[in-house]
Amino acid sequence: MKPLYNGGVIQNGEFNSGLMGWSTYRNIKAAVSNSPSGNKFAVVHSAGSYLSSSGKFLPSHSVYQRVQMLGDMHYSLSAWLQVSNGTAHVKAVIKAPNGERVIAGAVVAQSGCWSMLKGGMTAYSSGHGEIYFESDAPVDIWVDSVSLQPFTFDEWDAHTRRSANKVRRRTVRVVAKGAEDKPMAHANVSIDLLQLGFPFGNAVTKEILDLPAYEKWFTSRFTVATFENEMKWYSTEWSQNQEDYRVADAMLKLVQKYRIKVRGHNVFWDDQSSQMKWVMPLNLAQLKAAMQKRLKSVVSRYAGKVIHWDVVNENLHFNFFEGKLGPSASAQIYQQVGQLDHNPILFMNEFNTLEQPGDPNPVPSKYVAKMNQIRSYPGNSGLKLGVGLESHFSTPNIPYMRSSLDTLAKLKLPMWLTEVDVVKSPNQVKFLEQVLREGFAHPNVDGIVMWAAWHAKGCYVMCLTDNNFHNLPVGDLVDKLITEWKTHRASATTDDKGAVELDLPLGEYKFTVSHPSLKGATAHTMTVDTSSSVLEHTINIKS
C-alpha cells in the first residue's frame, strides 16, 4: 500500500528516489531493490552477521532516517516489512529527541510476503529523532511505504471526541401521535435514560457480600462485573475433589438483582504459578481428567448466566496446558466450552497487547495468529470468539494503543478492554482518562471493564475509593466519564408535526409524553442502538 498520510514527515518513504534521505548503521551495505511489478523497497544486506566487540551478534538493522520531531506531539507510525528468510520478530524503534530509545511497534515479518506494522509514540521534547527497524534474528530486513505522521494533542483529542460521538450516539426522530393517528403538536417529552448502551464495568471481590456501602457504590455505577478471583479454579477447588462455589454463587445472585452482567473469569489460566499444588504432580491422564471435571463443572454451573468466558487466560505469555497437552490445547478447550455453553462470547484474554510494544509475546500480529489458530481448528468455525485486552498500563503509549486496536479489529470479532488499570503516579488520573477515552471512542471496542476491585488491605494496582467508599481522584474521574457518556436532553417539545429530533447516547430509554389533551402523562420505552441512525420512532397515545 501507499504510505499513510503520504509518509508524514518521512522523506522518500517509498524509495522511489533510491536511498535519498536514508542511511545505514555500522557501514552496512544497503540498496534499493525492485519487485517483478516494479515496486521499489530498501534492503540491508547481511545485517545480522556483525559481531560486537564481545563476540555477540548485534541486532539486524534496516536503513534509518533522521527526522525533526516536535515536543508534545503524538506520532503515528506505519511501514511494510519483509525479511530475507523464514520469519522474524521485527521492532520499530524511534530514538526520541531526549535520547530515549522507544519501541514504537512490532510485527512478525515473513519472507515471501509483506506485513504491515502499525504503531506510534509520543514525543515530549523537540529535536532530531531517528527511525529504524531491527530484529534479533540474523535476517535482512526489507522496508517499504514508511510513514510517521505527527498530531498535536488537541488534534488527537478532537478526533477521539468526534469518533466517540459518531459511534456511541445516534440522532433519532420521535413523533407523538394521538387519537386517529394525529400528530400531537407542542407536546412535552421527558427523556429518561434507563441504562447506557455501552457496557462499562469493574472487577469485584467477595467483600461486596458483607458491605452494603460497597454494594451501593458498585451497583450504582457499573453494568458489568468480573469476579476478581472467585470463579477461578484455585478458588473453587483448592483441594482436589473438594469443590466450593458458594462465594461465586452468592456474588452472582447479588449482581443479578441489579441487572449487572457478568464475565466468566476464567475457565483455565495458562500460568504455571497459578496452578494448585495438587495439579502439578499429575500425570497426563490424571491432568486430563481433572481438567475435564473443572471445565464441565464451572461452565455447566454458569451456562446462560455469564455473557463471556475467558477460556484459557493469558495463553500468549504462558503455556502450562500446551506444554502438557500439546500445541492445540487452547483450541480444544475453546471447543469444549463452546459445546457446553452456546451463547457467551469466548474470549482470548491477554496483557501487554496494547500496553507494551516491547513485550514480544503478545504483539498484535502474534495475537491474531493465535486467534486464527483457535478458530481454524477442526470444529471451531462456529465458535463465538472475542478479543480480550487486559490493558494494565503504566505510562500509556496512546498512538500505539490506537494502532493496535486497528490491527486487531481486522479479526472482525467482538473486542473488549477487560482489566483496565493504571499504576499509581502523579499522572494516574490523566493516564486513566486517556486510556478510557481512547477505548470508548474506538469504533471496534464493544465494552470496557476496569480492574479496580476494592480490598480493605489495598487494591491490585488501582483503587477508586477509600475504605469508606468515598471516591479517590481516579473514582471521581470514572464518575465524570459516566456522567459525560450519559449526557442528553432531559425534555423537549414536539413541533407542529408532533416530532422532535434528539441526539442521544445509545441505550434504553423511557419517554414520557404530556399534553393538554391528555388526562395524564403517558410513558413509552425504546432502545436506541446502532441501527437507529436518524430513525423515526412513533409514540402512539390513546387520548
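Residues numbered from 1 in each chain as written. Predicted model: local features only at pLDDT ≥ 70, side-chain atom pairs only at ≥ 80, totals over all residues. Heavy atoms only, no water.

A. Representation of the domain arrangement of the chain. Structurally, the chain comprises domain 1 (23-155), domain 2 (178-193 + 490-542) and domain 3 (206-454). Once you take the C-alpha centre of each, domain 1 and domain 3 turn out to be 33 Å apart. In this complex, domain 1 contributes 14 residues to the contact, which on the side of domain 3 involves 13 residues. Between domain 1 and domain 3 the total buried area reaches about 1,100 Å² when both faces are included, carbon and sulfur atoms providing 61% of it. Put simply, domain 1 and domain 3 have one salt bridge between them. A salt bridge links Lys118 to Asp406; the nearest nitrogen and oxygen atoms lie 3.2 Å apart. (Domains from an automatic or database assignment. Contact = heavy atoms within 4.5 Å. Buried area = accessible area lost by both parts, 1.4 Å probe. Salt bridge = Lys/Arg side-chain N within 4 Å of Asp/Glu carboxyl O.)

B. Expanded view of helix H5 (residues 284-302). Between its terminal C-alpha atoms H5 stretches 27 Å, which fits the 27 Å expected from 19 residues at 1.5 Å a residue. Those residues of H5 that sit buried are Leu287, Ala290, Met291, Arg294, Leu295, Ser297, Val298, Val299 and Tyr302. The inward-facing, buried residues of H5 abut helix H3 (233-236), helix H4 (246-256), strand E15 (261-269), strand E16 (308-313), helix H6 (320-325) and helix H7 (329-340). Looking at where H5 begins, the residue whose side-chain oxygen comes 3.2 Å from the main-chain nitrogen of Ala285 is Asn283. Two residues or fewer past H5, Gly304 is found with a positive phi of approximately 80°. (Helix = DSSP H or I, 4+ residues; strand = E, 2+ residues; numbered from the N terminus. Expected span 1.5 Å × (residues − 1). Buried < 20%, exposed > 50% of the residue type's maximum accessible area, 1.4 Å probe, protein only. Polar contact = N/O pair within 3.5 Å; in protein donor to acceptor, adjacent residues only side chain to side chain.)

C. Spatial organisation of the pattern of salt bridges. Here the structure, examined in full by the defined rule, presents 19 salt bridges. A salt bridge links Arg246 to Asp244; its shortest N-O distance comes to 2.8 Å. For Glu438, the salt bridge is made with Arg402, and the minimal N-O distance between the two is 2.4 Å. Taken as a pair, Glu438 in helix H10 (residues 428-441) and Arg402 in helix H9 (residues 398-409) lie far apart in primary sequence, 36 residues in all. Of the two residues examined, Glu438 and Arg402, each falls in the buried class. Linked by salt bridges that have partners in common, Glu433, Arg437, Lys480 and Glu484 make up one network.

D. Fine view of the pairing of strand E7 (residues 101-110). Within E7, seven of the 10 residues are buried, leaving the element largely enclosed by the surrounding structure. Joining the antiparallel neighbours strand E6 (residues 87-95) and E7 is a turn of five residues, in which Gly99 adopts a positive phi near 95°. (Pairing = 2+ DSSP bridges.)

E. Spatial organisation of the environment of Asp479. You can see Asp479 is positioned in helix H11 (residues 473-486). Residue class for Asp479 comes out partly exposed when judged on its relative accessible area of 21%. For the pair formed by Asp479 and Tyr302, sequence separation is 177 residues and the distance between their alpha carbons is 31 Å. When near neighbours in sequence (up to four residues on either side) are disregarded, Asp479 contacts Arg221 and Asn471.

F. Just the UniProt feature "domain: GH10" (unreviewed entry) in the chain, in detail. Per the UniProt entry, the sites bearing "domain: GH10" (unreviewed entry) are residues 190-481 in this numbering. Along residues 190-481, the helical share is 37% and the strand share 19%, with 23 Å between the first and last C-alpha atoms. (UniProt positions renumbered as here; feature names shortened; annotations may be inferred.)

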